[in-house]
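# Understanding the architecture of this molecule
Chain by chain, the residues:
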Amino acid sequence: MPERGTRAAMHFDDVPIGDAYLTHEAVRAILERQDNRCAGCSAPPLDAGSTYFDLRRPAICGGSHTLGNLAALCPPSCHLSHMRRIREGFADHRNK
């Protein structure tokens, strides 16, 4: 446990994000981590204005609201594929 008044060292990917929006710094960090490529198909170049940012593992499935759990995806194909996989996973879970 850190001493009172000190901050524990935190990796940038562990930084919590807000529920409403991503800061410009967070967007830049995610795009830099992925070399401005889509997390789904590796297509370059992604830019902040035309990129979808999704949780890799949804919060409802135990995913955290941290930068490390966010992925930049190209619109619309990889983003839609990601959402489809999540919906199918829920459907499979309900049918068991």
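What counts and how
Residues numbered from 1 in each chain as written. Predicted model: local features only at pLDDT ≥ 70, side-chain atom pairs only at ≥ 80, totals over all residues. Heavy atoms only, no water. Helix = DSSP H or I, 4+ residues; strand = E, 2+ residues; numbered from the N terminus. Buried < 20%, exposed > 50% of the residue type's maximum accessible area, 1.4 Å probe, protein only. Core = buried A, V, L, I, M, F, W, Y, C linked by side-chain atoms within 4.5 Å.

### Focus on the environment of Met83
- Summarising the element assignment, Met83 is placed in helix α2 (residues 77–94).
- The exposure class assigned to Met83 is partly exposed, which follows from its relative accessible area of 28%.
- It is 9.9 Å that separates the C-alpha atoms of Met83 and Pro58, two residues lying 25 residues apart in sequence.

### Looking at the nonpolar core
- If you look at the biggest cluster of nonpolar residues, it comprises 14 residues, and the most contacted ones within it are Ile30, Leu31, Cys38, Leu46, Phe53 and Ala72.
- Going through the elements one at a time, α1 (24–33), β1 (52–55) and β2 (70–73) are the ones with two or more residues in this core.
- The element contributing the most residues to this core is α1, with 4 residues.

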